[in-house]
Amino acid sequence: MATLDYLTRLISFNTTSSDKAHFDRPNSELIEYMAGHFRQCAFTTLVYEVAPGKLNLLALSPSICSPSASQCGGAGRHGGSAAEAGQDLGLLLSGHSDCVPFDDEKWTDSALKLTVRDGRAYGRGACDMKGFLACSMEAAAAAHARYGDDFMSYPRLSCLITCDEESSMNGAIDAMRLIRDDLNEQNFTNLKFSSASMSSLPADLLRGRHFDLIIIGEATSMQAVIGHKGYMARDLMIKGVSAHSSNPALGINAINIASHAITALNGLAQELQVIGADSNFKVGYPSMNMGYMNGGHSINSICDEAHIGFDIRPTPKLSEAVIIQKLDEVLAGVNAKANELYAHQLTTERVRKRLGLDAARTESETVQLLTLTLPFADIPSFANTNENSLGYIKKHVPADTVFEYVNYCTEASFLQHLGPTVVMGPGSIDQAHGIDEYIELSQLQLCDDFLAAIAAEF
């Protein structure tokens, strides 16, 4: 099983991504290995750096970008280039190259050495999601074995491999921006082309074009995910002024203001359940969770700073822009309430000095005591209602295949802007991220067969 050979190599690369620097590793060796494989299969590869040591790979089918042509999109079987024919880009297989951190000592066998036993392949990332990457490599190899140098007979099958999905999702964000902003000369300064032929890549190769179908191979046990919630994380900082607890009039208590903020946020959460209700999800509304609350340093001191961490998971039926607007309105109300509660303190020299305000307060002044920050970029919700794209899937899966909506996030939030997207791949999410992570060999075979069948559609 060639797929297993590819997976063995992929597992051997430690591509951990983490917001903790001591865990984080580059993915460059894996990307160069995969790029070499796709080049051997006559695909044109574009490798570019998203962050130091963190690379993305875009491998374009020879029928889209033939390495033997003077430029990408060379003459098709019926004359003219694919771009001239107005043809969309076909099928894109997409997967992330990174994995979550691991403690090798807790594994039965080394996490970076593929171990096969009892019909399972064990290793970090075997399920999430190097198994799908291996299947993508096999799909390219199968096309090359069949068509050889007959480049324009290859299916319009391309692959995108991203970095840092498990941490920032910057790989998918960058890929979306690159393709939507087109491959123009300004982009070239940031790109490392795989061969001299790439220097002739025309600026309009991807401009105004989309993929007919994008499959993101997250571990779904080969069930089709056609929608999921987004993710919005926030840290609310409330500024107070410390003083001895025996005289509350000397300070501004950030925890007192935080109590009003929590009440207001809970009210917003209830409103979102109504205006964002979506029965496609098991949790059928945009959920809000208060993840942490901290502040203060001693019982007998007025708290001068408090933090509330919370997240919101929007549904496709309620835009992130609407949620942001409502959140701003709610917190503006809390800030106004805080100014009212501490109106006297906000006129005193001591408090104004601590808050960095001018000496005198004007009658119309509103002091900003609340600051909202984003720990990382918002992840939009995702939904695919394009029946044509779903028709490709339905033709090649069992009749009982589930087309479902899930509560977690994927790179579909960003890649959906490049074409209709389905999240579907081998392995169960139950095996992802854990000790002794594995994928069933039968799932790899199922994915290989599916990709071979659906590639023929393009």
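Higher on the page you've got the structure.
Every chain begins its residue count from 1, and numbering advances along the sequence as written. Restriction of local features to residues with pLDDT of at least 70 applies here, the model being predicted, together with a cutoff of 80 or more for giving and counting side-chain atom pairs; totals for whole chains, interfaces and linings are based on all residues. Side-chain calculation: all heavy atoms of the structure are included, whereas hydrogens and water are not.

Q: Break down the overall build of the chain for me, with residues and values.
A: Per the secondary structure count, the chain includes 11 helices and 17 strands. A simple rule labels every residue: compare its accessible area, found with a 1.4 Å probe on the protein chains alone, to the largest value its type can have, and call it buried under 20%, exposed over 50%, or partly exposed in between. Sorting the 458 residues of the chain into buried and exposed places 52% on the buried side. Surface exposure here means Shrake-Rupley accessible area, sampled with a 1.4 Å probe, where a residue is shielded only by the protein chains that are shown. Surface accessibility of the chain: about 20000 Å² in total, with carbon and sulfur atoms responsible for 49%. Helix and strand assignments follow DSSP, with helices taken as H or I runs no shorter than four residues and strands as E runs no shorter than two, numbered in order from the N terminus.

Q: How would you summarise the sheet that holds strand S4 (residues 115–117) if you had to cite specific residues and measurements?
A: Whether two strands pair depends on DSSP finding at least two bridges between them. The antiparallel open sheet is built from three strands, whose spatial order is S4-S5-S17. Taken across any chain shown, the strands that pair with only one partner, and hence form the sheet edges, are S4 and strand S17 (438–440). Neighbour-to-neighbour, the strand axes of this sheet turn through a mean angle of 25 degrees, independent of strand direction. Pairing of S4 with strand S5 (residues 120–122), which is carried by three bridges, proceeds in the antiparallel orientation. By the bridge assignment, valine 116 is partnered in S5 with alanine 121. Residue contacts are defined here by distance: any two heavy atoms, one from each residue, within 4.5 Å place the two residues in contact. Helix axes are fitted to C-alpha atoms over the stretch in contact, other axes to C-alpha atoms as well, and angles between N-to-C directions run from 0 to 180 degrees. On the sheet, helix H11 (residues 441–455) packs against S4, S5 and S17 and is oriented at approximately 60 degrees with respect to S17.

Q: Account for the side chain of aspartate 311, with residues named and values stated.
A: By secondary structure assignment, the location of aspartate 311 is in strand S12 (residues 305–313). Asp and Glu count as negative and Lys and Arg as positive, but His and the ends of the chain are not part of the count. What makes a salt bridge here is a side-chain nitrogen of Lys or Arg within 4 Å of a carboxyl oxygen of Asp or Glu, nothing more. Buried charge without a partner: aspartate 311 forms no salt bridge, and the closest opposite charge is arginine 313, 4.2 Å away. A distance of 3.0 Å separates the side chain of aspartate 311 from the side chain of tyrosine 231, its partner in a polar contact. Sequence-distant contacts of aspartate 311, defined by excluding residues within four places in its chain, comprise Tyr231, Met232, Ala233, Ser287, Met288 and Asn289. Whenever a nitrogen or oxygen atom comes within 3.5 Å of another N or O atom, the pair is scored as a polar contact, on the condition that within protein one atom can donate a hydrogen and the other can accept it, and that pairs from neighbouring residues in sequence are kept only if both atoms are in side chains.

Q: Tell me about the sheet that holds strand S11 (residues 287–295), and please be specific about residues and values.
A: Across the sheet, which stays open at both edges, the four strands sit in the order S11-S12-S10-S13 with antiparallel pairing between neighbours. At either margin of the open sheet sits one strand with a lone partner, and together these are S11 and strand S13 (370–373). Averaged over all adjacent pairs, the angle separating strand axes in this sheet is 20 degrees, with direction ignored. On top of the sheet, helix H6 (residues 254–275) reaches strand S10 (232–239), S11, S12 and S13; it is set at about 175 degrees to S11, its chief contact. Across the sheet, helix H7 (residues 320–341) touches S10, S12 and S13, and the angle it forms with S10 is around 15 degrees.

Q: Any chance you could break down helix H9 (residues 387–394) for me, citing the residues and the numbers?
A: Inspection of H9 places Ser389, Leu390 and Ile393 among the buried residues, and these make up the whole buried set. With its buried residues spanning 95 degrees around the axis, H9 presents them on a single face. Summarising the geometry of H9, the exposed residues directed more than 90 degrees from the buried face are Glu387 and Asn388. On its buried face, H9 is in contact with strand S8 (213–216), strand S9 (224–228), strand S15 (403–406), strand S16 (421–423) and H11. Between the side-chain oxygen of the N-cap and the backbone nitrogen of asparagine 388 there are 3.1 Å, and the N-cap of H9 in question is asparagine 386. The reported arc concerns the directions from the helix axis to the C-beta atoms and nothing else.

Q: Before we move on, can you summarise the pairing of strand S6 (residues 157–162) with the specific residues and values?
A: With six of six residues buried, S6 lies mostly within the body of the structure. Where burial is concerned, the two faces of S6 agree: the one with Leu157, Cys159 and Ile161 and the one with Ser158, Leu160 and Thr162 are both buried. Across six bridges, strand S3 (residues 91–96) lies against S6 in parallel orientation. From the neighbouring strand, leucine 91 faces S6, where its bridge partner is leucine 157.

Q: Give a detailed account of H11, specifying residues and quantitative values.
A: Expected helix span is given by 1.5 Å per residue-to-residue step, counting one fewer step than there are residues. For H11, spanning 15 residues, the distance from its first C-alpha to its last is 21 Å, which sits close to the expected 21 Å at 1.5 Å a residue. Residues of H11 that are buried: Gln443, Leu444, Cys447, Asp448, Phe450, Leu451, Ile454 and Ala455.

Q: Residue-level account of the packing of helix H3 (residues 126–147) against H11, with values.
A: Axes are the key here: two packed helices are described by the angle between their axes and the distance separating the axes. Axis separation between H3 and H11 bottoms out at 9 Å; the angle between their running directions is 40 degrees. Compared by their axis directions, H3 and H11 come out oblique. Considering the relative orientation of H3 and H11, their crossing is right-handed. Seen from H3, the contacting residues are Gly131, Phe132, Cys135, Ser136, Glu138 and Ala139; seen from H11, they are Leu444, Cys447, Asp448 and Leu451. For this scheme, ten residues count as nonpolar: Ala, Val, Leu, Ile, Met, Phe, Trp, Tyr, Cys and Pro. Four count as charged, namely Asp, Glu, Lys and Arg, and the remainder, Gly too, count as polar. Of the residues that constitute the contact of H3 with H11, the class distribution is six nonpolar, two polar and two charged. Should an angle fall under 35 degrees it is called roughly parallel, over 145 degrees roughly antiparallel, and 65 to 115 degrees roughly perpendicular, with every other angle called oblique. Note on convention: the crossing is left-handed when the near helix lies turned anticlockwise from the far helix by less than a right angle, right-handed when the turn is clockwise.

Q: Residue-level account of the environment of glycine 95, with values.
A: Tracing the backbone through its elements, the reader meets glycine 95 in strand S3. Under the relative-accessibility criterion, glycine 95 is labelled buried at 0%. Residues glycine 95 and threonine 162 lie 67 residues apart in sequence; the distance between their C-alpha atoms is 6.4 Å. When residues no more than four places from it in sequence are discounted, the contact partners of glycine 95 are Met129, Leu133, Leu160, Ile161, Thr162 and Glu411.

Q: Provide a residue-level description of the pattern of salt bridges, including the pertinent values.
A: One pass over the structure, following the stated rule, counts 12 salt bridges. Between aspartate 278 and lysine 317 there is a salt bridge, with its nearest N and O atoms 4.0 Å apart. Residue aspartate 278 is located in the loop between H6 and S11, and its partner lysine 317 is located in the loop between S12 and H7; the two are separated by 39 residues in the primary sequence. In this structure, lysine 395 engages glutamate 457 in a salt bridge whose closest nitrogen and oxygen atoms are separated by 3.0 Å. Of the two residues, lysine 395 is situated in the loop between H9 and S15 and glutamate 457 in the segment after H11; the sequence distance between them amounts to 62 residues. Within this structure, Asp24, Lys54 and Asp164 form a network of salt bridges that share partners.

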